[in-house]
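Observations on chain architecture
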Amino acid sequence: MPGPVLIAVDDDSGALEAVEAELCSRYARDYTVVCERSAEVALATLEVLAADGTEVALALAGERVSGMAGGELLGKVHQLHPHAKRGLLIGWGGWGEHATGEAIFDAMAHGRIDYYVLRPSTAPDEVFHQAVSSFLLEWSTSRKIAPHTIHVVGESWSGRAYELRDVLGRCAIPHAFCLADSDKGRELLAGLDGGSRLPLIVMPDGTVLADPTDAEIAKAAGARVNPDQSDFDVVIVGCGPAGLSAAVYGASEGLSTLVVDEGGIGGQATSSALIRNYLGFPRGVSGGRLAEQAYEQAWVHGANFALMQRVTSLERRDGRVQVTLSEFGPVSARAVILATGAAYRRIGVPELEELNGAGVFYGGPASEAHGLTGLEVYVVGGANSAGQAALHLARFARNVTLVVRGQSLGAGMSHYLIRQIEATANIHVRVATDVVGGGDNGDGWLRYLVLRKSGGEDETVRAEGVFLMIGARPRTDWLPPEIARDSRGFVLTGADLGADAGWPLERSPYPLETSMPGAFAAGDLRHGAVKRVASAVGDGSIAIQLVHRLAAEERLHPPPDLSAVSQPGSGSSSSR
Ligand SMILES: Cc1cc2nc3c(=O)[nH]c(=O)nc-3n(C[C@H](O)[C@H](O)[C@H](O)COP(=O)(O)OP(=O)(O)OC[C@H]3O[C@@H](n4cnc5c(N)ncnc54)[C@H](O)[C@@H]3O)c2cc1C
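The rules behind each value
Counting of residues starts from 1 at the beginning of each chain's written sequence and follows it residue by residue. With pLDDT at 70 or above as the cut-off, local features in this predicted model cover only qualifying residues; side-chain atom pairs require 80 or more to be listed or tallied, and sums for whole chains, interfaces and linings still use all residues. With hydrogens and water set aside, each side-chain value is computed from the structure's full complement of heavy atoms. Whether two strands pair depends on DSSP finding at least two bridges between them. Each helix is a run of H or I in the DSSP string that is no shorter than four residues. Each strand is a run of E no shorter than two, and both are numbered from the N terminus. All axes here are fitted lines through C-alpha atoms, helices being fitted over the stretch that makes contact, and every angle between N-to-C directions spans 0 to 180 degrees. Throughout, near means a residue has at least one heavy atom within 4 Å of the molecule or strand. Under this definition, polar contacts are N or O atom pairs within 3.5 Å; protein pairs additionally need one hydrogen-donor-capable and one acceptor-capable atom, and for neighbouring residues in sequence, both atoms have to be side-chain atoms. Shrake-Rupley sampling with a 1.4 Å probe provides the accessible areas, and residues are treated as covered by the protein chains on show and by no other component. Nonpolar residues are Ala, Val, Leu, Ile, Met, Phe, Trp, Tyr, Cys and Pro. Charged residues are Asp, Glu, Lys and Arg, and all others, Gly as well, are polar. Stacked, edge-to-face and tilted labels apply to pairs of Phe, Tyr and Trp rings (six-membered ring for Trp) whose centres lie within 6.5 Å, assigned for plane angles under 30 degrees, over 60, and everything in between, in that order. For every residue, the accessible area obtained with a 1.4 Å probe (protein chains only) is divided by the maximum for its type, and the residue is called buried under 20%, exposed over 50%, and partly exposed between those limits. Comment on the angle field: the value is read as roughly parallel under 35 degrees, roughly antiparallel over 145, roughly perpendicular from 65 to 115, and oblique elsewhere. Here a crossing is taken to be left-handed if its near helix is turned anticlockwise relative to the far helix by less than a right angle, and right-handed if that turn runs clockwise. Between two residues, a contact is recorded if the distance between any of their heavy atoms is within 4.5 Å. Each reported salt bridge corresponds to a side-chain nitrogen of Lys or Arg within 4 Å of a carboxyl oxygen of Asp or Glu. What the arc covers is the set of directions going from the helix axis to the C-beta atoms.

Before going further, it helps to spend a moment on the sheet that holds strand β7 (residues 115–118). Ordered in space as β2-β1-β3-β6-β7, the five strands form an open sheet in which the pairing is parallel. Unpaired on one side and paired on the other, β2 (32–36) and β7 mark the two borders of the sheet. Within this sheet the neighbouring strands show an average axis-to-axis angle of 25°, counted without direction. Pairing of strand β6 (residues 85–90) with β7, which is carried by four bridges, proceeds in the parallel orientation.

Right, let's get into the site of the ligand. Every one of the 36 residues lining the ligand counts as a neighbour, but D261, Y344, Q388, D524 and V533 are closest to it. Here a nitrogen atom of the ligand and a backbone polar atom of V311 are 2.9 Å apart. The protein chains hide 96% of the 1000 Å² of surface that the ligand would expose on its own. A class-by-class count of the residues in the shell around the ligand yields 14 nonpolar, 15 polar and seven charged.

What follows is about the packing of aromatic side chains. Tallied over the entire structure, the rule returns eight aromatic pairs. Ring centres of Y162 and F361 lie 6.1 Å apart, and the angle between their planes is 55°; on these two criteria the pair is classed as tilted. One end of the pair, Y162, is in helix α6 (residues 160–170); the other, F361, is in strand β19 (residues 360–362), and 199 residues separate them in sequence. F361 matches Y162 in its accessibility class, with the two residues each being buried. Put simply, the rings of W157, Y162, F177, F361, W445 and F467 pair up and form one aromatic cluster.

We now examine unusual backbone geometry. The omega torsion of the bond from L198 to P199 falls at -5°, within 30 degrees of zero and hence cis. Mapping P199 onto the fold places it in the loop between α7 (183–189) and β10 (200–202). With phi around 50°, D318 is a residue other than glycine that occupies positive phi space. Mapped onto the fold, D318 is located in the loop between β15 (311–317) and β16 (320–325). For D318, a relative accessible area of 63% translates into the label exposed.

Attention now goes to the sheet that holds strand β25 (residues 458–462). Strand pairing in a sheet relies on backbone hydrogen bonds, with the paired strands running either antiparallel or parallel. Spatial strand order, β23-β24-β25: three strands in an open sheet with antiparallel pairing. Bordering the open sheet on either side are β23 (433–440) and β25, each of which pairs with just one other strand. When the angles between neighbouring strand axes are averaged without regard to direction, this sheet yields 25°. Pairing geometry for strand β24 (residues 446–453) and β25, over five bridges, is antiparallel. Its bridge partner being in β25, R452 is matched across the sheet by D458.

The residue A247 is located in helix α9 (residues 241–252) in this model. For A247 and G319, which are 72 residues apart along the polypeptide, the C-alpha to C-alpha distance reads 22 Å.

Moving on, we come to the packing of helix α1 (residues 13–27) against helix α5 (residues 126–142). Between two packed helices, what matters for the description is the angle formed by their axes and the separation of those axes. Where α1 contacts α5, the two axes come as close as 11 Å, and the packing angle between them is 60°. One way to sum up the angle between α1 and α5 is to call them oblique. Taken as a pair, α1 and α5 cross one another with a handedness that is right-handed. Contact residues: V19, E22, L23, R26 and Y27 in α1; E126, F128, H129, V132, S133 and L136 in α5. Among the residues making up the contact of α1 with α5, the classes are represented as six nonpolar, two polar and three charged.

Before going further, it helps to spend a moment on helix α12 (residues 384–393). Two residues of an α-helix separated by three or four positions point the same way, owing to the 3.6 residues in each turn. Of all the 10 residues making up α12, eight are buried; the element is thus mostly covered by neighbouring parts of the structure. Regarding α12, the residues found buried are N384, A386, G387, A389, A390, L391, H392 and L393. The inward-facing, buried residues of α12 abut β20 (376–380), β21 (399–403), α13 (415–422), β22 (427–430) and β26 (465–468).

The next subject is the packing of helix α2 (residues 39–51) against helix α3 (residues 70–80). In the contact formed by α2 and α3, the axes pass within 10 Å of each other and the chain directions differ by 10°. Here α2 lies roughly parallel to α3, going by the angle between them. Contacts between α2 and α3 involve A39, L43, L46, E47 and A50 from the first element and L73, K76, V77 and L80 from the second. Classifying every residue of the contact of α2 with α3 gives seven nonpolar, no polar and two charged.

Attention shifts here to the pattern of salt bridges. Scanning the model with the defined rule gives 30 salt bridges in all. D539 is the partner of R526 in a salt bridge, and the nearest nitrogen-oxygen pair spans 2.9 Å. With R526 in the loop between β28 (519–521) and α14 (533–556) and D539 in helix α14, the pair connects residues that are 13 residues apart, well separated along the chain. Of the residues examined, D539 reaches a relative accessible area of 8% and is grouped as buried. What you see here is one network of salt bridges that share partners, running through K85, R86, D114, E138 and R283.

In this section: α13. Among the residues of α13, those classed as buried are L417, I418, Q420 and I421. The arc that holds the buried residues of α13, viewed along the axis, is 160°, so those residues lie on one side. For α13, exposure combined with an orientation more than 90 degrees from the buried face picks out H415 and E422.

Spelled out as structure tokens, the structure:
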């Protein structure tokens, strides 16, 4: 067959003909369109396609086909073609019918369908095509064949090749990795200068970067590394959801805005394969895609970015706040918004730390899942992010085992995720268990883990991938002592600042303001933060409103020079 398959199955022949006409009219150049009226014939066709290695990009099924529920049929499609996107075809207004609604909720909760699709009405039906093309974009991105994909070629999976993948992931840049001695690697290397150092990156326009620095990657991908001025209304430290939201609101409301990040864009969110609870994305959205769109939105409003630069210090000087960027140097602003989020706790098993990037991964599996197709994979952690990771990996891996230290999943995970996990045949759960060891077979890639059941013996299990999602600590070590924090290092703000926090002004601190006037905290690094994308985004927007309030207040009452004020807890700071 000439291209990946789009298959539609429906026993309503009129409806199927309309779907076939629409699919053929738009997609026949690049895809093979197959339409069937019977579930049995469709499944037999899909078996043949799976056996000869033909990709199925999209499967659409009516609500009932040959007496079988469409959701059930699409569940079987998933077993044969785990990468295929699956949509349940419904008629206009069908969502109002109880049975249809239940069929959709049930099939989605059990991972049998990705979403529903309205049957085409009169041609051309752009609503139908929008649904189909969104599915095809998601499919091609997950298969790493979307346009503008960057290729990384390395000698091994670990070391600098892994770091480069990590940087690309943190910049939300679609990328694929291959070993130099694989077919794809040889194809990419053919025709290049034999002296090119590995690992290397092949950009979508054909540019080759041999063992580039992180900043070179960011620049080549069109990101800004240095600001063009050193004075702003507001500097935002961190380009995760909180920082990006503050950038969109700050820039769109006329503030000169700089966002600095030691990595790329999107923060932790880029490690989430599918965020399903963010407002306005009923089908879910990958963290990378959300970050890309937010970055673009901030950029079109005029926000400035300095990526791959760490902020190393923060101080208040002459009524302004000053931060130092690792490469560029000092930048000053009326206000700074700290949005540096949190980082993963390490597992502390030396053999596993050595295999970081070679089967051992911290965070979610967004960019690694594909490489683990058909393998044994473990996810360690009991929070929602671990549950989502397991569900995502189950589409690729042969088996996914969720290892949880607690006695049950219920303690840390949302009920809807637990239901989905229970309904996914290739996900297994081990409670009251710790990972205490692991290693390779001398080939540089994780091959086994050692698990310890509480009070029990060690068990060695086959494992080709492990995702460690065992909690996070705030990225606040770099902050000066003037910024008061709780015992775990999360930044205290507003009413949480106690009398000993060292607040130096007559006025009370604003809600997200830290113990340093003019320095606000937004997102996961803040004490009491909910640790969700939506709450980080909310914090970012609120912080900008507070910057406006601060500006109005300072116009009325210019701030005193606080450079002589002592640090919290020293007993000599001004009281509120
Ligand atoms: C795998 C996974 C799945 C998730 N799934 C969901 C979900 O489905 N729904 C949901 O609502 N939430 C989800 N979350 C949580 C969500 O991603 C976080 O709550 C959110 O990203 C927090 O945003 P933030 O901007 O506060 O911080 P972060 O996203 O952590 O961003 C902080 C940024 O600051 C930068 N930085 C740190 N220190 C410095 C420094 N000194 N100088 C410069 N830059 C610095 C970092 O590089 C980073 O880019 C998930 C998280 C993970 C890890």
